[in-house]
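# Summary of the model geometry
Take a look at the letters that make up each chain.
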Amino acid sequence: MCSTSSASETVFRRKDRVEVKSAEQIALMREAGLVVARTLALLRDAVAPGITTRFLDVIAEESIRSSGAIPSFLGYHGYPGSICASVNDEVVHGIPGDRVLLAGDQLSIDCGAILAGWHGDAAITVSVGEVDPAFLELSRVTEEALWAGLAKAQVGGKLNDIGRSVEDSVRAQPGGAAYGIVEEYVGHGIGTSMHMEPNVPNYDVTGKSLGLIEGMALAVEPMVCAGQRTVRTLDDDWTVVTVDGLRACHWEHTVALTTEGPWVLTALDGGAARFAALGVASPASTRA
Ligand code: MF3
Ligand code: CO
């Protein structure tokens, strides 16, 4: 170890235990983020009616390891997979297995990797064959809310700007008042561990909010339900489902806060296209 960018030499802001990364360390997190981004792109293309969620797990582990990275989920609190594969009314933490995907299903795939000690974490929702337009809309609403939150990952802003923006985005959609925004699970700080301070809620929290500073990295991950936001965990102790049985979607990205704006480390283009459309400045427009 000869540089200040090693994973063992991070600085924590004292008052709130937020891990503050140097530009070199963020660049290393970008490499981890790209492993996740490329793996999710492979998985998205592999999804088809007739395959099992275990098949996707095998592809993911192979993709991550062949990049020299480690699947961060595998063994995390005993978790048995490299991805979470959550189908239809499953919100998050679905365990990959023998379940066969059918046309009309919707699948959230959550994936994390560790490269040189740095974590990346992201999730997408994918349709299997042709899907009811109402569910495509739910996924669109969730992804749009994710980007509304990422856009607020701004140096000098407040943590609550992110959650408020996610919530406002959902509520501003046609029929937006009817969607449920999950509160039991939230986004998180990320860096030398997958889950770090601070929590990143997907809703407005009144009161004093943490200041956002350069070098923070956050995983923003809205979970939006077609119906009620209430969830429960199945007997496998992992799979989180909606209580009303209606569908939910989950989208997630890892974002770094830079003085040039948010850099989406788990997006192949760093967020360049989405932020350009939103009129948000980002280092992604000049960096790969
Ligand atoms: N990626 C999830 C998150 O966003 C965590 C997965 S839980 C695990 O926080 F056990 F599967 F790792
Ligand atoms: Co996460």
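Summarised in this report is the structure supplied together with it. If you're wondering where the values come from, they're calculated on a predicted model, not measured in any experiment. (Residues numbered from 1 in each chain as written. Chains lettered and ligands numbered in written order. Predicted model: local features only at pLDDT ≥ 70, side-chain atom pairs only at ≥ 80, totals over all residues. Heavy atoms only, no water.)

So, on to the sheet that holds strand β15 (residues 248-250). Backbone-to-backbone hydrogen bonds join strands into a sheet, with any given pair of strands oriented parallel or antiparallel. Across the sheet, 3 strands lie side by side as β8-β12-β15; this open sheet has antiparallel pairing. In the strand order of this sheet, the two ends are held by β8 (180-181) and β15, each with one partner. The sheet contacts of helix α3 (residues 133-150) involve β12 (223-225) and β15, and relative to β15 the element is tilted by about 35 degrees. (Pairing = 2+ DSSP bridges. Helix = DSSP H or I, 4+ residues; strand = E, 2+ residues; numbered from the N terminus. Contact = heavy atoms within 4.5 Å. Axes fitted to C-alpha atoms, helices over the stretch in contact; angles between N-to-C directions.)

What follows is about the pattern of salt bridges. By the definition in use, this model includes 13 salt bridges. A salt bridge links R54 to D98, with the nearest nitrogen and oxygen atoms 2.3 Å apart. Of this pair, R54 sits in helix α2 (residues 53-66) while D98 is found in the loop between β5 (90-92) and β6 (106-115), placing the two residues 44 residues apart along the sequence. Residue classification places R54 among the partly exposed positions, given a relative accessible area of 41%. Assessed through its relative accessible area of 59%, D98 is described here as exposed. Residues R140 and E137 are paired through a salt bridge, measuring 2.8 Å at the closest nitrogen-oxygen approach. (Salt bridge = Lys/Arg side-chain N within 4 Å of Asp/Glu carboxyl O. Buried < 20%, exposed > 50% of the residue type's maximum accessible area, 1.4 Å probe, protein only.)

Surrounding ligand 1, one finds 13 residues, the nearest of these being F73, D110, D121, H195 and E221. E252 places a polar side-chain atom, nitrogen or oxygen, 3.1 Å from an oxygen atom of ligand 1. Considered on its own, ligand 1 offers 330 Å² of accessible surface; in the complex 96% of this is hidden by protein. Of the residues that constitute the shell around ligand 1, the class distribution is 6 nonpolar, 3 polar and 4 charged. (Near = heavy atom within 4 Å. Polar contact = N/O pair within 3.5 Å; in protein donor to acceptor, adjacent residues only side chain to side chain. Areas by Shrake-Rupley, 256 points an atom, 1.4 Å probe, with all protein chains shown as cover. Nonpolar A, V, L, I, M, F, W, Y, C, P; charged D, E, K, R; others polar.)

Turning next to the state of the cysteines. Overall, the coordinates contain 0 disulfides when judged by the stated rule. Cysteine C249 shares no disulfide, and the gap to the nearest cysteine sulfur, in C225, comes to 9.1 Å. (Disulfide = S-S within 2.5 Å.)

Take empty space enclosed by the protein next. Summary: where empty space remains is shown by rolling a probe the size of a single water molecule over the atoms. The final tally for this structure, using the stated rule, is 2 cavities of 30 Å³ or more. By volume, the largest cavity is sized at about 40 Å³. Considering the residues around the largest cavity, the lining is formed by V18, E19, K21, G189, I190, M196, E197, P198, M216, A217 and L218. Of all elements in the fold, only β2 (18-20), β10 (196-200) and β11 (217-220) reach the threshold of two or more residues within the lining of the largest cavity. A total of 3 residues in the lining of the largest cavity trace back to one element, the largest contributor, which is β10. Each residue belonging to the lining of the largest cavity can be placed in one class, and the counts come to 7 nonpolar, 1 polar and 3 charged. In this structure, the second largest cavity occupies an estimated 30 Å³ of space. Considering the residues around the second largest cavity, the lining is formed by C84, S86, V91, V92, H93, S108, I109, D110 and H250. Where the lining of the second largest cavity is concerned, the elements lending two or more residues are β4 (83-87), β5 and β6. The greatest single-element share of the lining of the second largest cavity, amounting to 3 residues, is contributed by β6. (1 Å grid on protein atoms, 1.4 Å probe; cavity = no way out; pocket = protein on both sides within 12 Å on 5 of 7 lines; lining within 4 Å. Points joined across faces, edges and corners; volume = space filled by probe spheres on them.)

Turning to unusual backbone geometry, a few remarks are in order. Here the residue pair E197 and P198 is connected by a cis peptide bond, since its omega of -5 degrees sits within 30 degrees of zero. The backbone of N88 shows a phi angle near 55 degrees, a positive value even though the residue is not glycine. You can see N88 is positioned in the loop between β4 and β5. The class for N88 is buried, based on a relative accessible area of 13%. Backbone geometry at D237 places phi at a positive 70 degrees, although glycine is not the residue there.

Let's shift gears to the coordination of the cobalt ion (ligand 2). Distances from the cobalt ion (ligand 2) to its protein donors, D121 (OD), H188 (NE2), E221 (OE) and E252 (OE), fall within 2.0 to 2.4 Å. In this structure, the cobalt ion (ligand 2) is coordinated by 6 donor atoms arranged in irregular fashion, with angles at the metal of 47 to 175 degrees. Counting gaps between the donor residues of the cobalt ion (ligand 2) yields the pattern D-x66-H-x32-E-x30-E. Here H188, found in strand β9 (residues 187-189), pairs with E221, found in the loop between β11 and β12; they are 33 residues apart in sequence, far enough to count as distant. The same class applies to H188 and to E221, which are both buried. (Donors = N, O, S within 2.8 Å, 3.2 Å for Na, K, Ca; no water. Tetrahedral: all angles 85-135°; square planar, octahedral: opposite > 155°, others 65-115°.)

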